[in-house]
Amino acid sequence: MDPVTPVGRFAPTPSGRMHLGNVFSAMLAWLSVKSRDGEMVLRMEDLDTQRTSPEFAQILREDLTWLGLTWDRETPAQSTRGAVYDRYFNLLQQKGLLYPCYCTRSQLHSVNAPHLSDGTYVYPGTCRDLTAAQRAACTRPPAWRVKVPDRLWQVEDLVQGHFEMNLARDCGDMVVRRADGIYVYQLAVTVDDGEAGVTEVVRGSDLLSSAPRQTYLQELFGFPHPIYAHVPMLLAPDGRRLSKRDRDLELSQLKERFTAPQLVGRLALAAGLLPEYAPVTPQELLPHFAWDKLPRQDFVFEL
């Protein structure tokens, strides 16, 4: 493949039907890459096999096809890629950047632990310098953390603008493999995007803080940095973020009320891509797409 060909991706979690916020992100990802004759990759993010299923994965494929958001290739689901993640885990180990962490969930979330303004905890490095004897005395299976440097990581986001984090100060050493042996989102996504040749990542603004963390891992693994676009979140009329758990504006219900062009047209109007509402297909939207038309802030979406 020509190295300058844009490569985007859909990366849904097959734990339920898509809600309208998922569709919004998928539509913008598709428009961004297809407006430049690029390639779209589909990947099922099913690391948590207790919550996901092949049946939901197939429904997601059918829903994307119904919307007109087609893809050029599908990469293997995350649940099948344990051996691949092992290789990158071993690479971090060879670099001397991994260590076992025996902290419990209650310890990590205790009132004495450092927290950011949004309530997320900053790992204080409790287990970073344990001696061999101290580690031997721990009886619970450890999670594994990667050491992060005390430096600033910057992202120029196509929607949110400049964003930066000092990983040591703002999140602390990151878990890359849980105590039960399951690899975490940050490592799996970095590896998957890197190996698939993804050049741009479009996703919800709630994942903006993941970009510097993944940028750091990309550097460790030797992957080029993709372009990021973290799109605003759609809010329910009461101000809540849409959630699969609440079945808010779920596609199964929306398909009973709207045709695909009607739904895409409403989302296109909300995104600033159309001056007034009209039913439209994603293909028909391509000439209208531009990142600078999008709102920057989360907004209430009403059908």
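Refer to the structure above for everything that follows.
Worth saying up front: this structure is predicted, and the values here are computed from it rather than measured.

Novice: Explain the overall build of the protein chain to me, please; I cannot follow it from the model alone.
Specialist: Along its length, the protein chain carries 11 helices and 12 strands. Computed over the C-alpha atoms, the radius of gyration of the protein chain is 20 Å, within 12% of the 19 Å expected from 2.2 N^0.38 for a compact globule of 303 residues. The dimensions of the protein chain, computed from C-alpha atoms along their principal axes, are 70 × 45 × 40 Å. Only carbon and sulfur atoms are counted for the fraction: they give 51% of the accessible area of the protein chain, which is about 14,400 Å². Distance between charge centroids for the protein chain: 5 Å, based on 33 positive and 37 negative side chains.

Novice: I tried to follow the packing of helix 3 (residues 82-94) against helix 7 (residues 185-196) on my own but got confused; where do I start?
Specialist: When two helices pack together, you describe them by how their axes are tilted relative to each other and by the distance separating the axes. Viewed as axis vectors pointing N to C, helix 3 and helix 7 meet at an angle of 110 degrees, and their least axial separation amounts to 10 Å. With respect to helix 7, the element helix 3 is oriented roughly perpendicular. Together, V84, Y85, R87, Y88 and L92 of helix 3 and L187, A188, V191, D192 and E195 of helix 7 make up the contact between the two elements. Partitioned by chemical class, the residues of the contact of helix 3 with helix 7 number 7 nonpolar, no polar and 3 charged.

Novice: Would you take a moment to explain the sheet that holds strand 1 (residues 7-10) for this structure?
Specialist: What links the strands of a sheet is backbone hydrogen bonding, and the strands pair in either a parallel or an antiparallel sense. Across the sheet, 3 strands lie side by side as 1-2-3; this open sheet has parallel pairing. Only two strands of the sheet have a single partner each, and these edge strands are strand 1 and strand 3 (73-74). Bridging between strand 2 (residues 39-42) and strand 3 involves 2 bridges; their strand directions are parallel. In the strand pairing of strand 3, L42 is matched with E74. On the sheet, helix 1 (residues 20-34) packs against strand 1 and strand 2 and is oriented at approximately 145 degrees with respect to strand 2.

Novice: Hey, could you run me through the nonpolar core in this one?
Specialist: The nonpolar side chains of soluble globular proteins are, as a tendency, buried together. One finds L20, F24, M27, L28, L273, L285 and W291 to be the most contacted residues of the largest nonpolar core, which totals 46 residues. Elements represented by at least two residues in this core include exactly helix 1, strand 2, helix 2 (54-67), strand 10 (227-231), helix 9 (251-257) and helix 10 (260-270). The element best represented in this core is helix 1, accounting for 10 residues. With 26 residues, the next largest nonpolar core counts L92, L97, M174 and V176 among its residues.

Novice: How do you make sense of the sheet that holds strand 4 (residues 98-101) when you look at a structure like this?
Specialist: The strand order across the open sheet built from 3 strands is 4-5-8, with neighbouring strands paired in antiparallel fashion. The open sheet has two edge strands, strand 4 and strand 8 (174-177), and neither has a second partner. Pairs of neighbouring strands in the sheet enclose a mean axial angle of 45 degrees, with direction left out of account. Judged from the 3 bridges that link them, strand 5 (residues 143-146) and strand 8 form a sheet pairing that is antiparallel. Opposite R145, over in strand 8, you have V175 as the bridge partner.

Novice: What is the right way to read unusual backbone geometry from this model?
Specialist: Glycine aside, residues mostly have negative phi, and peptide bonds are mostly found in the trans state. The backbone phi angle of D37 is positive, close to 55 degrees, even though this residue is not glycine. You can see D37 is positioned in the loop between helix 1 and strand 2.

Cut-offs applied
Residues numbered from 1 in each chain as written. Predicted model: local features only at pLDDT ≥ 70, side-chain atom pairs only at ≥ 80, totals over all residues. Heavy atoms only, no water. Helix = DSSP H or I, 4+ residues; strand = E, 2+ residues; numbered from the N terminus. Rg over C-alpha atoms; globule rule 2.2 N^0.38 Å. Areas by Shrake-Rupley, 256 points an atom, 1.4 Å probe, with all protein chains shown as cover. Lys, Arg positive; Asp, Glu negative; His and termini not counted. Charge placed at Lys NZ, Arg CZ, Asp CG, Glu CD. Axes fitted to C-alpha atoms, helices over the stretch in contact; angles between N-to-C directions. Parallel < 35°, antiparallel > 145°, perpendicular 65-115°, else oblique. Contact = heavy atoms within 4.5 Å. Nonpolar A, V, L, I, M, F, W, Y, C, P; charged D, E, K, R; others polar. Pairing = 2+ DSSP bridges. Core = buried A, V, L, I, M, F, W, Y, C linked by side-chain atoms within 4.5 Å. Buried < 20%, exposed > 50% of the residue type's maximum accessible area, 1.4 Å probe, protein only.

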